[in-house]
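Read off the chains here:
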Amino acid sequence: MKCATYIKSKAKNFNPKIALVLGSGLGEFADSIEKIAEISYADLEGFPVSGVGGHAGKLILGTVGGTQVVAMQGRVHYYENGQADAMRVPIHCFKELGCDIVILTNAAGSLDYNAGPGSVMLIKDYINFTGMSPLFTETGNARFVNMVNAYDKDLRRQLLCIADDNHIHLSKGVYAWMCGPQFETPAEINAIKILGANAAGMSTVPETILARQQKMKVLALSVITNYAAGMDDGELSHEQTMKYADKASQTFKTILTEFIRNQ
Ligand code: HPA
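As a further point, take the site of the ligand. All residues in the neighbourhood of the ligand are listed as Ala-107, Ala-108, Gly-109, Phe-183, Glu-184, Ala-200, Gly-201, Met-202, Thr-225, Asn-226 and Thr-241. Between Ala-107 and the ligand, the recorded distance is 3.3 Å, taken from a backbone N or O atom to a nitrogen atom. At 2.7 Å from a nitrogen atom of the ligand is found a side-chain nitrogen or oxygen belonging to Asn-226. Protein coverage of the free-state accessible area of the ligand, which is 260 Å², stands at 96%. Contributions of two or more residues to the shell around the ligand are made by strand 5 (101-110), strand 8 (199-201) and strand 9 (217-227). A per-element tally of the shell around the ligand places strand 5 first, with three residues. Classifying every residue of the shell around the ligand gives five nonpolar, five polar and one charged.

This part takes up helix 7 (residues 238-247). Residues of helix 7 that are buried: Thr-241, Tyr-244 and Ala-245. For helix 7, the angular spread of the buried residues around the axis is 105°, confining them to a single face. Exposed residues on helix 7 whose side chains face more than 90 degrees from its buried face are Glu-239 and Lys-247. Check the buried side of helix 7 and you find it contacts strand 5, strand 9 and helix 8 (249-261).

Let's shift gears to the pattern of salt bridges. One pass over the structure, following the stated rule, counts six salt bridges. Arg-261 is the salt-bridge partner of Glu-258, the closest N and O atoms lying 2.9 Å from each other. With Glu-258 and Arg-261 both in helix 8, this residue pair falls three residues apart, about one helical turn. The class for Glu-258 is partly exposed, based on a relative accessible area of 28%.

With that settled, consider helix 3 (residues 88-97). Within the span of helix 3, buried status applies to Arg-88, Pro-90, Ile-91, Cys-93, Phe-94 and Leu-97. Against the buried residues of helix 3 lie helix 1 (3-10), strand 1 (18-22), strand 3 (58-64), strand 4 (67-73) and helix 6 (205-213). Downstream of helix 3 by a residue or two, Gly-98 has a phi angle that is positive, lying close to 105°.

Time to look at the packing of aromatic side chains. Under the defined criterion, the tally for this structure stands at four aromatic pairs. A centroid spacing of 5.8 Å and a plane angle of 70° characterise the contact between Tyr-78 and Trp-177, whose relative ring orientation is edge-to-face. A residue pair is termed long-range when its members are at least 10 positions apart, and Tyr-78 in helix 2 (residues 78-81) and Trp-177 in strand 7 (residues 170-177) qualify at 99 residues. A relative accessible area of 17% means that Tyr-78 is categorised as buried. Measuring from ring centre to ring centre gives 6.4 Å for Tyr-126 and Tyr-151, while their planes differ by 75°; the resulting arrangement is edge-to-face. Of the two residues, Tyr-126 is situated in strand 6 (residues 120-128) and Tyr-151 in the loop between strand 6 and helix 4 (153-165); the sequence distance between them amounts to 25 residues. A single burial state applies to Tyr-126 and to Tyr-151, both of which are buried.

Let us look at the pairing of strand 6. Alignment of strand 6 against strand 7, held across eight bridges, turns out to be parallel. Across the sheet, Ile-123 pairs through a bridge with Gly-173, a residue of strand 7. Pairing of strand 6 with strand 9 involves three bridges; the strand directions are antiparallel. When the sheet's bridge partners are listed, Leu-122 is paired in strand 9 with Leu-221.

Let us now look at the pairing of strand 9. Walk down a regular strand and you will see the side chains alternate between the two sheet faces. Across the eleven residues of strand 9, ten count as buried, placing the element largely inside the fold. Bridge analysis of strand 5 against strand 9 gives ten bridges, and the strand direction is parallel. Looking at strand 9, one finds that Ile-101 is bridged to Lys-217.

Further remarks concern the packing of helix 3 against helix 6. Running from amino to carboxyl end, helix 3 crosses helix 6 at an angle of 35°, the nearest separation of the two axes being 10 Å. By crossing handedness, the relation of helix 3 to helix 6 is classed as right-handed. Across the interface between the two elements, Arg-88, Ile-91 and His-92 from helix 3 touch Glu-207, Leu-210, Ala-211 and Gln-213 from helix 6. When its residues are assigned to classes, the contact of helix 3 with helix 6 shows three nonpolar, two polar and two charged.

Counting residues in hydrophobic clusters, the biggest one holds 47 residues, and the most contacted among them are Ile-7, Leu-59, Leu-61, Val-70 and Phe-94. The residues contacting Ile-7, other than those within four sequence positions of it, are Phe-14, Ile-39, Leu-44, Leu-59, Leu-61, Cys-93 and Leu-97. Listed in part, the 32 residues of the second largest apolar core include Ile-18, Val-64, Leu-159 and Val-223.

Definitions and limits used
- Residues numbered from 1 in each chain as written.
- Predicted model: local features only at pLDDT ≥ 70, side-chain atom pairs only at ≥ 80, totals over all residues.
- Heavy atoms only, no water.
- Near = heavy atom within 4 Å.
- Polar contact = N/O pair within 3.5 Å; in protein donor to acceptor, adjacent residues only side chain to side chain.
- Areas by Shrake-Rupley, 256 points an atom, 1.4 Å probe, with all protein chains shown as cover.
- Helix = DSSP H or I, 4+ residues; strand = E, 2+ residues; numbered from the N terminus.
- Nonpolar A, V, L, I, M, F, W, Y, C, P; charged D, E, K, R; others polar.
- Buried < 20%, exposed > 50% of the residue type's maximum accessible area, 1.4 Å probe, protein only.
- Arc of directions from axis to C-beta.
- Contact = heavy atoms within 4.5 Å.
- Salt bridge = Lys/Arg side-chain N within 4 Å of Asp/Glu carboxyl O.
- Phe/Tyr/Trp six-rings, centres within 6.5 Å; stacked < 30°, edge-to-face > 60°.
- Pairing = 2+ DSSP bridges.
- Axes fitted to C-alpha atoms, helices over the stretch in contact; angles between N-to-C directions.
- Left-handed = near helix turned anticlockwise from the far one by under 90°.
- Core = buried A, V, L, I, M, F, W, Y, C linked by side-chain atoms within 4.5 Å.

Here it is in structure tokens:
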């Protein structure tokens, strides 16, 4: 059975307008969702299962402040199998379910000393440092996707207002997609800094491209889990990523709950 049909069979009158992708350590936001049903990715044909710690591999159907949402608790990354289009099935499924907004979250390293671990960055644009695209091998004109305003300006404005109202400071910046899974070298971080990046991470950009191709609006947030390579004496590790992602979970809960309720 196709994923969207299967999902609809699990929840009557389920017509979500918003899809969420909860990244490394951010799966806890799922606790803020009033659940209608939970589906393991293993039961969804074509949904990729992540092998990374902190990615539960469950699709949550439910409501936040009365607004229906579908949320991926965990995502697969390009570095897991070298497939840049690994998130194609989920993103297309969201479109089929009727979503017109996709909210992407991730963990990232900061290039800015003013935006330290535990803070949250609203992504205003990206740099694709991998040279990969989820649209490779596609034919036809639909592959030539316009990436201006990739992260919807109006949605960004709404989120910033909500953050302001709640006395939460969000930094705003450019996210650089690095292939991973190894962290960057200090030289790579210097290079992307010169190019205009504010944070480095290993996800989100392929999902953004796929969602924009489907004409869904995208909002994306990074939880800053560390200063990027070479910026301090700390050792980079996945354990650190998980620890700081957890620290930012209350900020996520506050701003996303309010944002979703308002849609
Ligand atoms: N680089 C890339 N990805 C990351 C980082 C980082 O420093 N921190 C968390 N995810």
